[in-house]
Amino acid sequence: MPNQSATINVMIQAARKAAKSLLKDFTEVENLQASTKSPGDFVSKADLRAERIIKYELEKARPYYGWVGEESEEIVGKDPTRRWIVDPLDGTSNFLHGIPHWAISIALEHKNEITSGVIYDPIKDECFYAEKGNGAWLNDKRLRVSGRTKMIEMLFSTGIPFANKPGLSTTLTEIEKIMPKCSGLRRDGSAALDLAYVASGRFDGYWERGLNSWDIAAGIVIVKESGGIICSLEKDMNPLLNGSILAASDKIYEEFSSLILT
Ligand code: 2AM
Ligand code: CA
């Protein structure tokens, strides 16, 4: 069992409490699938409810920390060096369509570096978490990135810009470069889980652009603590600031990033 800090326990408990609320709402959404009524508004409310729960739990335990979240205004804490970066529901489109692949993502940033991260997938009861210097874990199992060494045996993941978001043709060109060299590509709709899956060796690499800090903050520390490598798709940039990210196992980082980044 991992020797985890009080802070990571607070984060995991907050995620588990929000998960109960989201699971209840997800059952409702599944029931709405066959109806002609759009579940969109309902899902926005589910999202807000989950964020309120997480915020309450984190503020109760650490009242001086700041806050950045998908659903509310940024708060600068009395301790300006620490802030939570939270996505209460990552994979909203999956949730909305009744697809059981979404997660809660909670990260703690200290002095501009992510020091702890939790990604919880309530449907599969998989809790991925890491603290800087303390390894990464899936429930009580230590995580390592994939040990595969041949690209032709590897599975990759990406996000394809939708609904007129910029970068579609670039992504399609990148897919054309990757596909002939690997054993498959997935587009699963949750950036947080994509990163968690790189950390756990399910995916060998992942890339996506147009993301927000809360989609990737927790995943960044989880991948790094699993022995993986992270960079931005733009040279020398911080993925948290420009929202474009590449994550890979240490075995394929060079080959994969040289295909994608050129
Ligand atoms: P979300 O489910 O919290 O919206 C899928 O490609 C990833 O992109 C998900 O992590 C998703 O997060 C994120 N995403 C979806 N719509 C987005 C948008 N309009 N802008 C930025 N990120 C988005
Ligand atoms: Ca998100």
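Because the structure is a prediction, the values reported are computed rather than measured.

1. Observations regarding the site of ligand 1
Here comes step 1: Residues in contact with ligand 1 amount to 17 residues; listed here are only the nearest, Asp90, Gly91, Thr92, Arg187 and Glu208.
Here comes step 2: In the environment of ligand 1, an oxygen atom lies 3.2 Å from a nitrogen or oxygen atom belonging to the backbone of Leu89.
Here comes step 3: A distance of 2.7 Å separates an oxygen atom of ligand 1 from a polar backbone atom of Thr92.
Here comes step 4: Across the complex, the protein chains shield 78% of the 480 Å² of accessible surface that ligand 1 would expose by itself.
Here comes step 5: The site holding ligand 1 turns out to be the largest pocket.
Here comes step 6: Counting residues per element, the shell around ligand 1 draws most heavily on strand E2 (residues 82–90), at three residues.

2. Remarks on the sheet that holds strand E7 (residues 141–142)
Here comes step 1: Strand order in this open sheet of seven strands is E1-E2-E3-E4-E5-E6-E7, and the pairing throughout is mixed. Unpaired on one side and paired on the other, strand E1 (66–69) and E7 mark the two borders of the sheet.
Here comes step 2: Pairing geometry for E2 and strand E3 (residues 103–110), over seven bridges, is antiparallel. The residue of E3 that forms the bridge with Asp90 is Ala103.
Here comes step 3: Sitting on the sheet, helix H2 (residues 40–61) is in contact with E1, E2 and E3, with an inclination near 150° to E2.

Rules used in this analysis
- Residues numbered from 1 in each chain as written.
- Chains lettered and ligands numbered in written order.
- Predicted model: local features only at pLDDT ≥ 70, side-chain atom pairs only at ≥ 80, totals over all residues.
- Heavy atoms only, no water.
- Near = heavy atom within 4 Å.
- Polar contact = N/O pair within 3.5 Å; in protein donor to acceptor, adjacent residues only side chain to side chain.
- Areas by Shrake-Rupley, 256 points an atom, 1.4 Å probe, with all protein chains shown as cover.
- 1 Å grid on protein atoms, 1.4 Å probe; cavity = no way out; pocket = protein on both sides within 12 Å on 5 of 7 lines; lining within 4 Å.
- Sits in = over half its atoms within 2 Å of the grid points.
- Helix = DSSP H or I, 4+ residues; strand = E, 2+ residues; numbered from the N terminus.
- Pairing = 2+ DSSP bridges.
- Contact = heavy atoms within 4.5 Å.
- Axes fitted to C-alpha atoms, helices over the stretch in contact; angles between N-to-C directions.

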